Amino acid sequence: MPRWLPRAMVLALALVAAFQLGSWAFHQLTGLLVNILIAFFLALAIEPAVSWMASRGMRRGLATFIVFIGVMIVSAGFVTLLGSVLADQIIKLIEGFPEYLDSVINWINTHFKTDLKRVDIQEGLLRSDWLRNYVQNSATGVLDVSAQVIGGLFQLLTIALFSFYFAADGPRLRRAICSVLPPARQAEALRAWEIAVNKTGGYIYSRGLMALISGVAHFVLLQALDVPYAPVLAVWVGLVSQFIPTIGTYLAGALPMLIAFTVDPWYALWVLIFVVIYQQFENYVLQPKLTSKTVDIHPAVAFGSVIAGTALLGAVGALIAIPAIATLQAFLGAYVKRYDVTDDPRVHGHRRRGEGPGLLARAKGLWERRRREAERHEDRDPGQNSS
């Protein structure tokens, strides 16, 4: 046996063990890594505000704390107001449910010639196995829901803490990164950091602008339909549809539809139609234009990055995909050598005005060529023409 063979076998086994251990540790820490990634992008989003206050002489820790307190106050106020509105509407819906049920029963009896009664329907529901199984499953699922709520609160606390440290200790973190890089690479790392801050801020700005436009549009609709709590519902639609990816649109439209249904069932249908139409307008007209201007990426690239981010990290990937791709594109663009584009009609996609003959000139030239060919043909066969 060669002397190197045992060492090679030991080295191969050590590499396999290290790979298995690293893979196991990565899968165990996936949740923490995702939370750190979210916290990092949140810190980039609030970096302009923190830097602005720090440039005015305020300490970065205090500036970060003020920004966090402001965000928490606004979020808590919005959730409290929305929760009171939702609870009020649910109480009204439960109180008016017998009337709604009677109206539905009367409509069915009138159109289908039946003899349904509310008492019979209520007794049938109370005696049904479906209701009994639903109550049992709901009772057993209370602990699961409580555990999910506690886990969600702990996750939010983790993200908030990491975001605070990333924003408050941003200069220290940048110095730590630069300390392990040569001077030439330090400038590139700092430029990448600055690009990430600008692109993330531009993305948040575009989302906020789309939330404002969406809120105003839905406020006009809800106010025209005389739906109660129209301002709060408009803010709900604007924020949820823009800052919760994938399912945000459906969550945003469900609440106004529910409250509109308590006023008039037809109003809920009108709200649904408006939500669908506005969503198509936003996806194909508004969002590509705003995203291309604020984040400076092509709409097709933005759409593809959202799909790829969703496939990799789910809702988190869909939320951070556009600023991440915009940062990578802007950073790599400095290393791509560009040349002057040749002056060719195929580059511009159309012939420039004034270049080459126009349509009428070409038609006139074709007519003249055909006339000259006909005259030459007559000159060659004079005898045939005379006969």
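Conventions adopted
Residues numbered from 1 in each chain as written. Predicted model: local features only at pLDDT ≥ 70, side-chain atom pairs only at ≥ 80, totals over all residues. Heavy atoms only, no water. UniProt positions renumbered as here; feature names shortened; annotations may be inferred. Helix = DSSP H or I, 4+ residues; strand = E, 2+ residues; numbered from the N terminus. Patch = residues over 30% accessible without salt bridge, like charges linked within 9 Å, V, L, I, M, F, W, Y side chains within 5 Å. Areas by Shrake-Rupley, 256 points an atom, 1.4 Å probe, with all protein chains shown as cover. Salt bridge = Lys/Arg side-chain N within 4 Å of Asp/Glu carboxyl O. 1 Å grid on protein atoms, 1.4 Å probe; cavity = no way out; pocket = protein on both sides within 12 Å on 5 of 7 lines; lining within 4 Å. Points joined across faces, edges and corners; volume = space filled by probe spheres on them. Nonpolar A, V, L, I, M, F, W, Y, C, P; charged D, E, K, R; others polar. Buried < 20%, exposed > 50% of the residue type's maximum accessible area, 1.4 Å probe, protein only. Axes fitted to C-alpha atoms, helices over the stretch in contact; angles between N-to-C directions. Parallel < 35°, antiparallel > 145°, perpendicular 65-115°, else oblique. Left-handed = near helix turned anticlockwise from the far one by under 90°. Contact = heavy atoms within 4.5 Å. Expected span 1.5 Å × (residues − 1).

Trainee: What's the story with the UniProt feature "transmembrane region" (unreviewed entry) in the protein chain in this structure? I'm lost.
Mentor: Under the UniProt annotation, the feature "transmembrane region" (unreviewed entry) is placed at residues 35-55, 62-87, 145-167, 208-225, 231-251, 258-281 and 301-328. Here residues 35-55 runs as 100% helix and 0% strand, with 29 Å between its end C-alpha atoms. Span residues 301-328 is 96% helix and 0% strand, its end C-alpha atoms 12 Å apart.

Trainee: What am I meant to see in a nonpolar patch on the surface here?
Mentor: Taken together, the side chains of W266, L269, W270, L272, I273, V276 and I277 make up a nonpolar region of the molecular surface, amounting to roughly 720 Å² of accessible area. Secondary-structure assignment places W266 in helix α12 (residues 265-294).

Trainee: Just checking my understanding: could you explain the layout of surface pockets for this structure?
Mentor: Over the atoms a probe the size of a water molecule is rolled, and this reveals where empty space is left. Its volume calculated, the largest pocket comes out at about 2000 Å³. Of all the elements in the fold, those that place two or more residues in the lining of the largest pocket are α2 (30-55), α3 (60-95), α7 (142-168), α9 (183-224), α10 (230-243) and α14 (315-333). Across the lining of the largest pocket, the residue classes break down as 31 nonpolar, five polar and no charged.

Trainee: So what exactly am I meant to see when it comes to unusual backbone geometry here?
Mentor: The phi dihedral of D226 is positive, around 60°, even though this residue is not glycine. Inspection of the secondary structure puts D226 in the loop between α9 and α10. On the basis of relative accessibility, which here comes to 62%, the residue D226 falls in the exposed class. Its identity as a non-glycine residue notwithstanding, Y229 has a phi of 60°, on the positive side. One can find Y229 in the loop between α9 and α10.

Trainee: Explain the packing of α2 against α14 to me, please; I cannot follow it from the model alone.
Mentor: A pair of packed helices is captured by two measures, namely the crossing angle of their axes and the spacing between those axes. Contact geometry for α2 and α14: axes closest at 11 Å, N-to-C directions at 45°. Relative to α14, the element α2 lies oblique. For the pair α2 and α14, the crossing hand works out as left-handed. Residues V34, L37, I38 and F41 of α2 form the contact with α14, whose own contacting residues are V316, I320, P323 and A324. Residue composition of the contact of α2 with α14, grouped by class: eight nonpolar, no polar and no charged.

Trainee: Explain empty space enclosed by the protein to me, please; I cannot follow it from the model alone.
Mentor: Within the structure shown, the criterion is met by two cavities of 30 Å³ or more. Estimated volume of the largest cavity: approximately 70 Å³. Lining the largest cavity are S214, H218, V237, S241, Q242, T249, A252, G253, V275, Y278, Q279 and E282. Within the residue set of the lining of the largest cavity, elements represented by two or more residues are α9, α10, α11 (248-263) and α12. Ranked by the residues each element gives to the lining of the largest cavity, the list is headed by α12, at four residues. Within this model, the second largest cavity holds a volume of roughly 40 Å³. Along its surface, the second largest cavity is lined by F40, A43, L44, E47, F166, A167, G170, L173 and W193. At the level of secondary structure, the elements contributing two or more residues to the lining of the second largest cavity comprise α2, α7 and α8 (170-179). Of the residues contributing to the lining of the second largest cavity, the split by class is seven nonpolar, one polar and one charged.

Trainee: Help me understand helix α4 (residues 97-112) in this model?
Mentor: For an α-helix, the turn length of 3.6 residues means that residues three or four places apart are oriented alike. Helix length check: α4 (16 residues) gives 22 Å between terminal C-alpha atoms against 22 Å at 1.5 Å per residue, within 8%. Of the residues flanking the end of α4, it is K113, one or two places downstream, whose phi is positive at about 55°.

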